[in-house]
Structures are given as structure tokens and as C-alpha cells.
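# Working through the structure, step by step
Here is how the chains run, residue by residue.
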Amino acid sequence: MSDTARSYNKNAADYERRWAAYLEHTHSRFIERLNFSETDYLLDLSCGTGLLAGKLLENEKRFGQLTLNDPAEKMLNIARSRFSSHPRIRFSGAAAHELPFRDNSFDLILSLSAFH
């Protein structure tokens, strides 16, 4: 596990509270600029706690499938607890450089605040 994943695991419980204003602003702006179809397969490369997925659903953005990926297990577990019953949301805990997907599995890869 990377140092970054360890750090996010350590702060997962407080992540949303600590960064609330920043996250609200960046997610809202990001969604305004997204353009995809309701049949597209999306990958949220570093989904954190799943806030972007929540915003997509809140804004009625339809997709074929959304895979939420995050190498920080505790962050991904929060996302999983929110969306595990959603029929078109899947989960992966891989590092960005070790993604387990075949080429061309996704129509769009989302990456918001993932590269530090």
C-alpha cells in the first residue's frame, strides 16, 4: 500500500467534514463540464468516499455503468456503503498504475483531485 493510500485510510472518517467546502465546489464545477451518454461506462479513478458518484446521481446524470475505484480501502468502504445496492455501480480498489481492466473497458475516465 502506498503512503498516500495509508494517509487517506487514516483520515477517511473525517475526510468529507474537513474538506466540505472545497469538495462541494470542485464536484459541482466538474459535473457542469461532464459530457457523456446514458450508455457510457465510466471509471472514477480515485473515487474517495464516492461524493462524485453521489453528485452524478443527485444531478440525474445517467450512465451505463460507473466503476468507483480507490486504493484507500477505508475511503472505498464508505463509497461502497453508500452505493452497494445501486445496480450500475461497481467497485475496485486498485492503484491507478495497476488497474485490472481490459483496454477500452470505459468510455470516460474521471479523475478529480486524484493526482497530488
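Before going into details, it helps to say that this report is about the structure given with it. Just so you know, these numbers come straight off a predicted model, no measurement behind them.

Analysis parameters
Residues numbered from 1 in each chain as written. Predicted model: local features only at pLDDT ≥ 70, side-chain atom pairs only at ≥ 80, totals over all residues. Heavy atoms only, no water. 1 Å grid on protein atoms, 1.4 Å probe; cavity = no way out; pocket = protein on both sides within 12 Å on 5 of 7 lines; lining within 4 Å. Points joined across faces, edges and corners; volume = space filled by probe spheres on them. Helix = DSSP H or I, 4+ residues; strand = E, 2+ residues; numbered from the N terminus. Nonpolar A, V, L, I, M, F, W, Y, C, P; charged D, E, K, R; others polar. Pairing = 2+ DSSP bridges. Axes fitted to C-alpha atoms, helices over the stretch in contact; angles between N-to-C directions. Contact = heavy atoms within 4.5 Å.

This part takes up the layout of surface pockets. Roughly 580 Å³ of volume is contained in the largest pocket. Listing elements by their share of the lining of the largest pocket, those giving two or more residues are α1 (3-11), α3 (20-33) and α4 (51-58). In terms of residues, the lining of the largest pocket owes the most to one element, α1, which gives 3 residues. Residues that form the lining of the largest pocket fall into these classes: 18 nonpolar, 11 polar and 2 charged.

Right, let's get into the sheet that holds strand β2 (residues 65-69). Across the sheet, 4 strands lie side by side as β3-β2-β1-β4; this open sheet has parallel pairing. Of all the strands in the sheet, the pair left with one neighbour each is β3 (89-92) and β4 (108-110). Each neighbouring strand pair of the sheet contributes to a mean axis angle of 20 degrees, computed without reference to strand direction. Note that strand β1 (residues 41-44) and β4 share 3 bridges and pair parallel. Bridge pairing links L42 to L108 in β4. Lying on the sheet, α4 is in contact with β1, β2, β3 and β4; it crosses β2 at an angle near 160 degrees.

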